[in-house]
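Listed here are the chains, written in short residue letters.
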Amino acid sequence: MVHHSGSIQSFKQHKGMHTSISEILKEKSLKPSRRSLPCLAQSQTHPINLNHFLSVPLRPEPKPEVEGLSQSISTSCSLLPPQTEDSKDQYVEESEVSTCETRADEPFLLQKPVSRAKLEARTDSLQGKNPADSSGLFFRDGKKRIDYILVYKKSSPQVEKRCTFEKNLRAEGLMLEKEPSLTNNDIMFVKINVPWDTLCKYAEQMNIRMPFRKKCYFTDWKSKALGSRFHLRCRQMKSWLPRNPMKLDKEALPDLEETDCYTAPFSRARMHHFTINNRETFFSNSTRSRIVHHVLQRTKYEDGKSKLGINRLLGNSTYEAAFPPHEGGYKSRHPIKTHGPQNHRHLLYERWARWGIWYKYQPLDLIRRYFGEKIGLYFAWLGWYTGMLIPAALVGVFVFLYGLFTMDSSQVSKEICEANTTIMCPMCEETCEPWTLSDSCVYAKVTHLFDNGGTVFFAIFMAIWATVFLEFWKRRRAELTYDWDLIDWEEEEEELRPQFEAKYSRMERVNPISGKPEPFQPFSDKLSRLMVSVSGIFFMISLVLTAVFAVVVFRLIAMEKFASFNWYFVKKNWQFATSGTGVCINFMIIMSLNVVYEKVAYLLTNLEHPRTESEWENSFALKMFLFQFVNLNSSTFYIAFFLGRFAGRPGKYNKLFNRWRLEECHPSGCLIDLCLQMGVIMFFKQIWNNFMELGYPLLQNWWSRRKMKKGGGGGGQNVENKAQLPQWDKDWNLQPMNAHGLVDEYLEMVLQFGFTTIFVAAFPLAPLLALLNNIIEIRLDAYKFVTQWRRPMPARATDIGIWHGILEGIGVLAVITNAFVIAITSDYIPRFVYAFKYGPCVDKGHHHENECLRGYVNSSLSVFDMRDLKNSSQSIYCRYRDYRAPPWNSVPYEFTLQFWHVLAARLAFIIVFEHLVFGIKSFIAYLIPDMPKDLCDRMRREKYLMQEMMYEAELEHLQKERKKNGKRYHHEWP
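No experiment lies behind these values; they were computed from the predicted model shown.

Caption draft 1: Region of the structure containing the overall build of the protein. Helix and strand counts for the protein stand at 35 helices and 18 strands. Looking at the 974 residues of the protein, the share that counts as buried comes to 52%.

In structure tokens:
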């Protein structure tokens, strides 16, 4: 073994590599390894007044006389006399007497300099108060931290299940204490604390990565080769530039100035490898909550394999709620600049959730630490998406302004507005009369705003933008997963759902990765459940198509009514009236059906029995996306690709049920109908979503506070001042997070992404509306998470899940739909064919666009003889939009050669556009790697250093053990 070590040593010297960590530490560090989960025990950068339990040093506990297993003596599930005279109810109280508690570590002292004024203010706020009473974050002894809260009603009949469940929780090592509510005498809170030994046991089982003892820094060889003079010049030039106003000051976020360290899966056998300066702060609050949630999910409440888990107890009303507590209030009487933040929640509110800092970057590290990696990744993705919308919105505004400035000079609009003698065929055959083309002058001008020369360029730009957005998000995600220590998390910590374990506990197979037996779902059972689920999906999609068909019928009826309306203003603008009313009714149907879809998707997903939580969430998210995407876009697809395509011609119109004539497009095109459909739905849906996300919880919380002040809801005390309530009572009066987690948040943004990209050729202002909405959405979601919702369980995730695949699918669909919108819906191709084949500039070389389009409107309108109608004796000719032969032709009303030229040009454009854009997208995706090269080098370097650190740490530990035992040891190997 010594010879082997020597060979390794010589090999390292030959390659120029470091032979020990001490030599690495001596080397000048040029680029530290950025890790967002630092050595929490060593980080001295907590907020200056980080709640009362961090501002007061912990007093050492005396060492108990007897050491052994922890014993809990409790009078659970028994009624005791009331403890106070004012109390009207009897409640259960547990007291745990532990005989194996170890002596507390040294007090956790803040090493940041604190001014005298801050110290005096902190002393005044804590003088004469018990930490447990002032913050509500501890047990009655003021020492045991509350890691989780369970809520139940004393009137609930499920007493036996609750008692068994709590007894089993104590058997797992958790400590429980009960407390009655101050606002409702029927509510009882169960406070849960995780002792140190239990934390260590489950941290090892869950493979939670914790800070390693030794720290080192990544050496950037490129920076070293370039030399320090170049970097000094770069820093000097950067200091001359103006400060970015969007960045948060380091002084504003003192909690993020962290020390860097590597992490490794926690192991009790190698506990000496980890940096444990204080047991109370070694495991963060979010980690402690995750461990409690893990235990709650797998604890039984009755005999039987399926009788386990807090989710089932919440479903049968044994418990009313289960949540980790917030770390205190989010507001303070003292300004944060002078007194510092009270806690992480207060810091998040001041530096993230306030509307006054809407232009600032998000403190992602702090969000991740408080809410967990899963929610942190959502806000990181939302911020990245919002930032990428800025160039798209600018280009869309330029395209819109180009249409606005050229609106009056457009040749097509001029010809329509000047066509005072052009008589158009009536819109209905009975009550409608012929109308003049110039009556639709405003309609033609508005159409030019969105159907102009910049449409094709903008469609190509947005297709490329979608690819760049997704490719650079992959790089950003890789950096976040590295910084947040999530590189190897998925393989280590993916767990089975308790419902899956209970359902298929009798059928087991050996896991091919872990080699351990686990429940198994047979293929036949999985296939049958999947078929039922797919059938349900198709049924709901058919229901959506039925609703769209009903809207189409309404539009046909409304078209006839508005075209023959007695009010001249409505009769003149019947196109706007028909489209506007149809869009509003369609929006109401969409929002009504969304409520049904959510419940159906939930039932179908539970029917499938997914194996893991991520599989359940992905399956549910896919169903919700399919339902709402079809529901939201089916009418848009009808207007884009079917409206006016099968209307027929005067005298031979195609009719629905032989009653209602199908709609026709305006002579200036159908694009304005598509634009109106997208604009109205996008605008009103965003307003509705924002109200449901913030307005509805605000109303519910206001009603809860109103009942609380009146002492209602169960005969509780009349609490005038909310500050007198403990934290668990305040959190109980908040609204719970959505039952589906972040699915609703992602779904809203992904559907918006579809609106922004799929039909963007028809509505170039869509990116601008999305940008404005997302700026509001970020602060709205932040305010909701911090102030209006209970603290969600801090979950972990490595990416945004199935949503990334959905976004890529939308990007591909966007290329296809925009190609069809430009070729079929807009008049770009007919104008292009006329200008280069039939216009006045055919044999005269290149001229101005307006000159080449002179006579285009007349060329796009066919002639019809009114005498060919059955009930008409008029001898006038009317015009209609089509490419057909006139009635005096030898073959009247047949398609002309121009029709076939336009059709061929449309098909050729679709093929060329798709191949060109897909080629550009693939080339860009190839050029942009998913992970930055410097990050790859950093990860490889870190893996090498970790191996050496573990080797030297184990070597040092064994040498100390041998020295303690009086044995001789070698300097290289014991």
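Caption draft 2: Representation of helix 6 (residues 159-171). The end-to-end C-alpha distance of helix 6 is 18 Å, a good match for the 18 Å that 13 residues give at a rise of 1.5 Å each. Buried within helix 6 we find Lys-161, Arg-162, Cys-163, Phe-165, Glu-166, Leu-169 and Arg-170.

Caption draft 3: Broad picture of the side chain of Thr-756. You can see Thr-756 is positioned in helix 28 (residues 743-757). For Thr-756, a relative accessible area of 0% corresponds to the buried category. Each residue touching Thr-756, except ones within four places of it in the same chain, is listed here: Tyr-385, Leu-389, Met-462, Met-682, Ala-766, Pro-767 and Ala-770.

Caption draft 4: Quick look at the state of the cysteines. Counted by the stated rule, this structure contains three disulfides. A sulfur-sulfur separation of 1.9 Å characterises the disulfide bridge that pairs Cys-417 with Cys-441. Between Cys-417 and Cys-441, the disulfide has an S-S torsion of 85° and is therefore right-handed. Taken together, the positions of Cys-417 in helix 17 (residues 411-417) and Cys-441 in helix 18 (residues 441-450) put the pair 24 residues apart, joining distant regions of the chain. Look at Cys-441 and you get buried, because its relative accessible area is 16%. With a sulfur-sulfur separation of 2.5 Å, Cys-841 is cross-linked through a disulfide to Cys-852. Here the S-S torsion is close to -105°, and the disulfide linking Cys-841 with Cys-852 is therefore left-handed. One end of the pair, Cys-841, is in the loop between helix 31 (828-838) and helix 32 (849-852); the other, Cys-852, is in helix 32, with eleven residues separating them in the sequence. Taking relative accessible area as the criterion, Cys-841 reaches 8% and is therefore assigned buried.

Caption draft 5: Broad picture of the pairing of strand 3 (residues 148-153). Judged by how many residues are buried, strand 3 sits mostly within the fold: five of six residues are covered. With six bridges joining them, strand 3 and strand 5 (residues 187-193) adopt antiparallel strand pairing. Note that in strand 5 the partner of Lys-153 across the bridge is Ile-187.

Caption draft 6: The arrangement of the packing of aromatic side chains in detail. Taken as a whole, this structure holds 52 aromatic pairs when the rule is applied. Both rings, one in Tyr-152 and one in Tyr-319, keep their centres 6.1 Å apart while their planes meet at 80°; by these two values the pair is edge-to-face. Within this pair, whereas Tyr-152 is found in strand 3, its partner Tyr-319 is found in the loop between helix 12 (310-315) and strand 8 (321-323), the two being separated by 167 residues in sequence. The two residues Tyr-152 and Tyr-319 agree in class, both being buried. With 6.5 Å between their ring centres and 50° between their planes, Tyr-349 and Tyr-783 make a pair best called tilted. Placement of the pair is Tyr-349 in helix 14 (residues 344-353) and Tyr-783 in helix 29 (residues 766-788), with a sequence separation of 434 residues. Accessibility assignment for this pair places Tyr-349 and Tyr-783 in one class, buried.

Caption draft 7: Looking closely at unusual backbone geometry. Here Asn-207, not a glycine, exhibits a phi torsion of approximately 55°, which is positive. Within the secondary structure, Asn-207 is located in the loop between helix 7 (196-205) and strand 6 (209-211). Positive phi is not limited to glycine here, since Tyr-893 has a value of about 65°. Assignment of secondary structure puts Tyr-893 in the loop between strand 18 (877-881) and helix 34 (897-927). You can call Tyr-893 buried: its relative accessible area is 9%.

About the thresholds
Residues numbered from 1 in each chain as written. Predicted model: local features only at pLDDT ≥ 70, side-chain atom pairs only at ≥ 80, totals over all residues. Heavy atoms only, no water. Helix = DSSP H or I, 4+ residues; strand = E, 2+ residues; numbered from the N terminus. Buried < 20%, exposed > 50% of the residue type's maximum accessible area, 1.4 Å probe, protein only. Expected span 1.5 Å × (residues − 1). Contact = heavy atoms within 4.5 Å. Disulfide = S-S within 2.5 Å. Pairing = 2+ DSSP bridges. Phe/Tyr/Trp six-rings, centres within 6.5 Å; stacked < 30°, edge-to-face > 60°.

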